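One-letter residues, chain by chain:
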Amino acid sequence: MVQTATAPSSAPTIRQTQLLIDNQWVDPVEGGSFETYNPATGEVIATVAAATSADVDKAVKSARKALEKGPWSNMSASERGRLMNKLADLVERNALELATLESFNCGKTISDSKGDLAGVVKTLRYYAGWADKVEGRTIPVDGNFLSYTLRQPVGVVGQIIPWNFPLLMLAWKWGPALACGNTIVMKPAEQTPLTALRVAELAVEAGFPAGVINILNGFGETAGAALVNHPDVDKIAFTGHVDTAKIIQRQAAETLKRTTFELGGKSPNVIFADADLEQAVAGAFHAIYFHGGQCCTAGSRLFVEDRIHQEFVERLAEKAKARNIGDPLNPSTEQGPQVSQEQLDKILHYVDLGKSQGAKLLTGGERFGDKGYFIEPTIFDNVQDDMAIAKDEIFGPVVSVLPFKGVEEVIERANNTSYGLAAAIWTKNIDKAHLFAKSVKAGTVWVNCYHIVDANTPFGGFKMSGQGRENGEAAIEHYTELKTVTVKLG
Ligand code: ADP
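What counts and what doesn't
- Residues numbered from 1 in each chain as written.
- Predicted model: local features only at pLDDT ≥ 70, side-chain atom pairs only at ≥ 80, totals over all residues.
- Heavy atoms only, no water.
- Helix = DSSP H or I, 4+ residues; strand = E, 2+ residues; numbered from the N terminus.
- Rg over C-alpha atoms; globule rule 2.2 N^0.38 Å.
- Buried < 20%, exposed > 50% of the residue type's maximum accessible area, 1.4 Å probe, protein only.
- Contact = heavy atoms within 4.5 Å.
- Areas by Shrake-Rupley, 256 points an atom, 1.4 Å probe, with all protein chains shown as cover.
- Lys, Arg positive; Asp, Glu negative; His and termini not counted.
- Charge placed at Lys NZ, Arg CZ, Asp CG, Glu CD.
- Pairing = 2+ DSSP bridges.
- Axes fitted to C-alpha atoms, helices over the stretch in contact; angles between N-to-C directions.
- Core = buried A, V, L, I, M, F, W, Y, C linked by side-chain atoms within 4.5 Å.
- Right-handed = clockwise from strand over helix to strand, strands pointing away.

Student: Which residues make up the overall build of the protein, and what values do they have?
Tutor: Along the backbone of the protein there are 16 helices and 22 strands. Relative to a compact globule of 490 residues, whose C-alpha radius of gyration would be 23 Å, the protein shows 23 Å and is just as compact. Counting only C-alpha atoms, the protein reaches 75 × 60 × 40 Å along its principal axes. When burial is assessed residue by residue, the protein has 58% of its 490 residues classed as buried. Once local pairs closer than 6 in sequence are excluded, the contacts in the protein between residues at least 24 apart make up 74%. Accessible surface, the protein as shown: approximately 19,500 Å² in total, 50% of it carbon and sulfur. Between the averaged position of the 48 positive side-chain charges in the protein and that of its 57 negative side-chain charges there is a distance of 5 Å.

Here it is as structure tokens:
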């Protein structure tokens, strides 16, 4: 592993730390705040306003008013689309500033943050295009009646997002919600509160009316829970940990809110001996180490066919050892820090478990440097399916290599998990590829590629990896209520 130097660039300007309610920047009712960190140094970079239930209540009232009365409720669908495109333009114009702030607060490399910003702009434009294409149908019913359906907004939507892709998750949630005419109260993750505030400023500048977009930073157990429990919130869209989703689903049951969940994974990445080895090694490396493994789709169970197993892991380890780790703002850095001390400790705990349960540590396994939350890219070989490192989502740069012999065996083992978010296969054999794609229980399957995600394609999980789908047309269904209208003719 190679240490990259500190980037010459200075810290980005932090323009906003208050709450956005009703298009006003305000202090929280109870005056609370929390500190946010630069994970590359562990230093505090800002003190941010923390919302509690009183602020949630104010924001929900504003969102309700915007939904029922005023300019947003009367706005034509194409005008909504125009506003969304305007926001996309503003985000694009400020992309470098936003990417720098994202890397500074979240620890992802500047090149990854720039990639995320491109995804944000694409998502906003994609859903801007949907705004005037959300259509109902006419239905040929019995009798002298005209029946048709309308797709109307679900209403006030509470959106709770995590820290690993703060801006991209914001866009995935705002895009379909706004296209369908909903109003939003968003709670970003407490680890990464800053970039959402900057985009919210741009939304005000774009001209979104008061109450359409409200941003409340704060903690999950207070601000997040208040949003989930609020009787006037119609839907919760959540991305985060499966245990949090269980709490949310229980609490949301009280008011029968609509819920959509995008949760974790333990995705199988399967390499057959007939794959292009060069590409498969690079693909497996990217699958696990992209954003330091802090990705719900990370290819953390790496199944490698027996015949190529030795050569494959040697090549993978060589790449891991050559990884540039360091300041995320330095353009030559390939891996930044993990997001927090808590995550670093959790990952190191799993490394200990891997060792004590008998897996072979090929490379890595240690904290990197003595400042910030860096960890070496880590490979465990000869992992057994029942070891903790093969079962639990680690959310770090730790891959479990699991040798296998045949296609049927590997499909069964790939499916032997409570998760079902993503899966990949590397092979030149079209039969194997399609058999795997059909048989694996996962919301996304990649063939000879990994981490290809687009605003246009549905994304979500089977089993405990989620409920509902984001992106594509699928998300439109989750942000609308379907109404049937029947008219007596004559
Ligand atoms: P992670 O492990 O990625 O931090 P979490 O599920 O803890 O996942 O956090 C994802 C988001 O959920 C964050 O915005 C967090 O504040 C929020 N959150 C955590 N606990 C709750 C809760 N009980 N109710 C609502 N939101 C919560």
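Student: Tell me about the sheet that holds strand β19 (residues 422-426), and please be specific about residues and values.
Tutor: One open sheet accounts for 7 strands, arranged β16-β17-β18-β14-β13-β19-β20; its pairing is mixed. Unpaired on one side and paired on the other, β16 (360-363) and β20 (444-447) mark the two borders of the sheet. Strand-to-strand twist across the sheet, computed as the mean angle between neighbouring axes with direction ignored, equals 20°. Where β19 and β20 come together, 4 bridges link them in parallel fashion.

Student: Any chance you could break down the nonpolar core for me, citing the residues and the numbers?
Tutor: One finds L87, V91, W174, F208, I271 and F312 to be the most contacted residues of the largest nonpolar core, which totals 100 residues. Ranked by the residues each element gives to this core, the list is headed by helix α6 (residues 166-179), at 10 residues. If we ignore the near neighbours within four places in the chain, the residues touching F208 are N23, W72, L83, M84, L87, L178, A203 and I213.

Student: Explain the pairing of β19 to me, and be specific about the residues and the numbers.
Tutor: Of all 5 residues in β19, 5 are buried; the element is thus mostly enclosed. Pairing of strand β13 (residues 268-271) with β19 involves 3 bridges; the strand directions are parallel. Counterpart to N269 in the pairing with β19 is A424. Regarding topology, helix α15 (residues 430-439) serves as the crossover connection from β19 to the parallel β20, and that connection is right-handed.

Student: For the sheet that holds strand β22 (residues 480-488), give the residues involved together with the corresponding values.
Tutor: The antiparallel open sheet is built from 3 strands, whose spatial order is β6-β7-β22. Of all strands in the sheet, those with a lone pairing partner are β6 (138-139) and β22, marking the two edges. Bridging between strand β7 (residues 145-153) and β22 involves 9 bridges; their strand directions are antiparallel. Each residue of the ladder has a partner; that of Q152, found in β22, is E481.

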